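Results of the structural survey
So the chains spell out like this:
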Amino acid sequence: MKPRLLTPGPTPVPEETLLELAKPVTFHRSAEFRQTLAELQEDLKYVFQTTSPVITLTSSGTGGMEAAVSNVLTPGQKAIVCVAGRWGERWRGICKAFGVEIVAVEVPYGKAVEPSQLADALAKHPDAVAVYTTLSETSTGVGHDIRAFGEIVAKTPALLVVDAISGLGVMELRMDDWKVDICVTGSQKALMLPPGLAYVAVSDKAWKCIEANTASRTFYFDLKKYRAKLAESDTPYTPANTLIKAQRLSLKRLRSEGLESVWARHAKMAAAARAGVTALGLELFAEKPNNGLTVIKVPANVDGNAVLSKLEKKFGIKLANGQDNLKGKIWRMAHMGYIDQFEVLAAISALELVLLESGYKLEPGTGVAAAQRELAK
Ligand SMILES: *Cc1c(COP(=O)(O)O)cnc(C)c1O
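Model, not experiment: these values are computed from the prediction. Counting restarts for each chain, with residues numbered from 1 along the sequence as it is written. Residue-level local features of this predicted model are given only where pLDDT is at least 70; pairs of side-chain atoms are given and counted only at 80 or more, and the full residue set underlies all totals for whole chains, interfaces and linings. Side-chain numbers here rest on the full set of heavy atoms in the structure, without hydrogens or water.

What about the layout of surface pockets?
- Residues are said to line a cavity or pocket when one of their atoms sits within 4 Å of a point; the points come from a 1 Å grid over protein atoms alone, cavities being sets where a 1.4 Å probe fits but cannot get out and pockets being open sets with protein on both sides within 12 Å along at least five of seven lines. Grid points are joined across faces, edges and corners, and a volume is the space filled by probe spheres set on the points. When its volume is computed, the largest pocket comes out at roughly 260 Å³.
- Along the wall of the largest pocket there are 20 residues; nearest its centre are Pro8, Gly9, Trp87, Lys189 and Gln323.
- Elements are defined by DSSP. Helices are runs of H or I of four residues or more, strands are runs of E of two residues or more, and each kind is numbered from the N terminus. Where the lining of the largest pocket is concerned, the elements lending two or more residues are α3 (61–70) and α4 (86–97).
- A per-element tally of the lining of the largest pocket places α4 first, with three residues.
- In this classification, the charged set is Asp, Glu, Lys and Arg, the nonpolar set is Ala, Val, Leu, Ile, Met, Phe, Trp, Tyr, Cys and Pro, and all remaining amino acids, among them Gly, are polar. Taken together, the residues of the lining of the largest pocket break down into four nonpolar, eleven polar and five charged.
- What fixes the domain bounds is an automatic or database domain assignment. Domain assignment of the residues forming the lining of the largest pocket places at least three in each of domain 1 (4–8 + 258–376) and domain 2 (16–257).

Brief notes about the site of the ligand
- Residues are labelled near a given molecule or strand when at least one of their non-hydrogen atoms is within 4 Å of it. Neighbouring the ligand are 13 residues, the closest being Ser60, Thr62, Thr138, Asp163 and Lys189.
- Any pair of nitrogen or oxygen atoms within 3.5 Å is treated as a polar contact; in protein, a donor-acceptor pairing is required on top of that, and neighbouring residues in sequence qualify only through side-chain atoms on both sides. Side-chain polar atom of threonine 62 to an oxygen atom of the ligand: 2.5 Å apart, as the coordinates give it.
- We get accessible surface area from the Shrake-Rupley algorithm with a probe of 1.4 Å; when it comes to residues, only the shown protein chains can shield them. Taking 380 Å² as the accessible area of the ligand by itself, protein coverage stands at 89%.
- A molecule is counted as occupying a cavity or pocket when more than half of its atoms fall within 2 Å of that pocket's grid points. Put simply, the ligand lies in the largest pocket.
- In terms of residue class, the shell around the ligand is built from three nonpolar, eight polar and two charged.

With respect to the side chain of threonine 140
- By secondary structure assignment, the location of threonine 140 is in the loop between β6 (136–137) and β7 (142–143).
- The buried label applies to any residue whose accessible area, calculated with a 1.4 Å probe on protein chains only, is under 20% of its type's maximum; exposed applies above 50%, and partly exposed to all values in between. Classification of threonine 140 by relative accessible area gives buried; the value is 0%.
- Engagement of the side chain of threonine 140 in a polar contact is seen with the backbone nitrogen of valine 142, the distance being 3.3 Å.
- Contact criterion: two residues are considered in contact whenever any of their non-hydrogen atoms come within 4.5 Å of each other. Ignoring anything within four residues of it in the chain, the contact list for threonine 140 reads Ala84, Gly85, Tyr109, Gly110, Phe285, Ala286 and Val295.

Notes on the domain arrangement of the protein
- Along its sequence, the protein is carved into domain 1 (4–8 + 258–376) and domain 2 (16–257).
- Look at where the C-alpha atoms of domain 1 and domain 2 centre, and you get two points 28 Å apart.
- In this complex, domain 1 contributes 27 residues to the contact, which on the side of domain 2 involves 33 residues.
- When the buried area of domain 1 at its contact with domain 2 is split by residue, Leu259, Trp263 and Lys288 rank highest and sum to 25% of it.
- Salt bridge criterion: a side-chain nitrogen from Lys or Arg within 4 Å of a carboxyl oxygen from Asp or Glu. Counting across the domain 1 and domain 2 interface gives five salt bridges.
- A salt bridge links glutamate 114 to lysine 288, with the nearest nitrogen and oxygen atoms 3.1 Å apart.
- Across the domain 1-domain 2 interface, the total number found is 16 residue pairs in polar contact (both at pLDDT 80 or more).
- The element best represented in the side of domain 1 that touches domain 2 is helix α10 (residues 259–279), accounting for seven residues.
- The residue inventory of the side of domain 1 that touches domain 2, partitioned by class, reads 13 nonpolar, eight polar and six charged. The term buried area refers to how much accessible surface (probe radius 1.4 Å) is lost by two components on association, counted for both of them together.

Here's the deal with the nonpolar core
- One finds Phe48, Ile80, Ile146, Leu311, Trp331, Met333 and Leu351 to be the most contacted residues of the largest nonpolar core, which totals 85 residues.
- The element that contributes the greatest number of residues to this core is helix α12 (residues 341–357), accounting for eight residues.
- Composition of this core by domain shows at least three residues from each of domain 1 (4–8 + 258–376) and domain 2 (16–257).
- If we ignore the near neighbours within four places in the chain, the residues touching leucine 351 are Val277, Leu282, Ile296, Val307, Leu311 and Trp331.
- Counting residues in each nonpolar core, the second largest holds 35 residues, with Ala67, Leu159, Ile165 and Ala206 among its members. What we call a nonpolar core is a set of buried Ala, Val, Leu, Ile, Met, Phe, Trp, Tyr and Cys residues that are connected through their side-chain atoms within 4.5 Å.

As for the pattern of salt bridges
- Using the criterion set out here, one finds 23 salt bridges in the structure.
- When salt bridges that share partners are traced, they join Glu39, Asp43, Arg248 and Arg255 into one network.

A short note on empty space enclosed by the protein
- All told, the structure shown has four cavities of 30 Å³ or more when counted by the stated rule.
- Counted as a void, the largest cavity has a volume near 140 Å³.
- In terms of lining, the largest cavity is formed by 15 residues, of which the most central are Thr56, Tyr226, Asp234, Thr235 and Pro236.
- Among the secondary structure elements, those contributing two or more residues to the lining of the largest cavity are β2 (54–58) and α8 (223–230).

Remarks on unusual backbone geometry
- The omega torsion across glycine 9 and proline 10 is -10°, close enough to zero to call that bond cis.
- Here proline 10 shows up in the loop between β1 (4–5) and α1 (15–21).
- Positive phi values are uncommon outside glycine, yet glutamine 49 reaches one of about 55°.
- Take glutamine 49: it is sitting in the loop between α2 (31–48) and β2.
- Note on glutamine 49: relative accessible area 25%, which makes it partly exposed.

Points about α8
- All of the buried residues in α8 are Leu223, Tyr226 and Leu230. Down the axis of α8, the buried side of the element spans an arc of 60°, and every buried residue falls inside it.
- Looking at the buried positions of α8, the neighbouring elements they touch are α2, β2, α3, β10 (197–202) and α7 (204–212).
- The backbone nitrogen of lysine 224 has a side-chain oxygen 3.1 Å away, supplied by the residue at the start of α8, namely aspartate 222. Arc definition: it is the arc formed by the directions from the helix axis to the C-beta atoms.

Description of the sheet that holds strand β11 (residues 293–297)
- For two strands to count as paired, DSSP must find a minimum of two bridges between them. In spatial order, the strands read β11-β14-β13; together these three strands make up an open sheet with antiparallel pairing. Bordering the open sheet on either side are β11 and β13 (320–321), each of which pairs with just one other strand.
- Pairing of β11 with strand β14 (residues 330–334), which is carried by five bridges, proceeds in the antiparallel orientation. Pairing of lysine 297 across the sheet is with isoleucine 330, part of β14.
- Every angle, taken between N-to-C directions, lies between 0 and 180 degrees, and every axis is a line fitted to C-alpha atoms, over only the stretch in contact when it is a helix. Sheet strands touched by α10: β11 and β14. Its angle to β11, the strand with the most contacts, is close to 15°.
- Along the sheet, α12 contacts β11 and β14; its crossing angle with β14, the most-contacted strand, is approximately 155°.

Here you go:
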């Protein structure tokens, strides 16, 4: 059986990148590796659509998120945290750990925080130092209107910080044009690498705030140290050099396709996935679905956990369960990075077969046909 990974992180890795990862380990303080770092920096700036430096950290995405809190805020300072799911909760958890005063803008899971809600919170809390948001709320499938958030936050002294961990390289995000101050992503979602690297892009406005914050509590994630070394194409600590070399190959693939084509491809796959599952009579969980994953409500009288384990055991198709209290209630099908349209069709096809076996009424091929019609447009 052929395993097919359609989880919203980790995601499959292209063959040329896997081959790079199989090469012998090299020493990292060398002219050759500095060249690699310099090239990676250019690729990252392209992906983030920024001219600001992009810091590479050896950690999962959350390490980048922690850096975006610990460098910016001192205990007792105020932050606005947009919470529309588990990843908004992660921002809240990190802010709490650093003693930050939290103003939460919360919506029920499945909904998106509206720009007007953020504008209201900023008007009530002009002393907020930063706003923490999520591009793709991977726990619910919702996407946020970061461009509108940027317009609002840019008029205030606050920084706009975006967790773009499963959204960057999937959905349109233009860090500089959209006035995002700190943008965080991880290597294992749309950037087509195994887990292990976090990337943090920091605007001039954010650097000023970080430099002024002499009481920040951080050591390993002290972004100023990374920026100083980055100026010489170097790193303050041992970098995950094997991952960095491999990341270059995945980003080369992305660059040769072109970011706008990448966004369009994801939009098309997402449209196909949504058409496929809704044609089966299934409902989407997200009110404003994003293009990186399709989150499906488990229909009544179907055992959501059993369907996922059958998909994996019988067909090698790995979808993700809901997290925390959404476990067994939703299925999450990723279509990002190195997942292609035929894997989406395969997943819909397998879902039809498993649902049929579970006694759910459907005409075989209905979902696949609807998805194909969308792909044929
Ligand atoms: C996957 C994900 C994370 C988690 O990152 P880790 O790499 O597990 O630390 C954070 N935010 C979003 C939106 C994600 O999709």
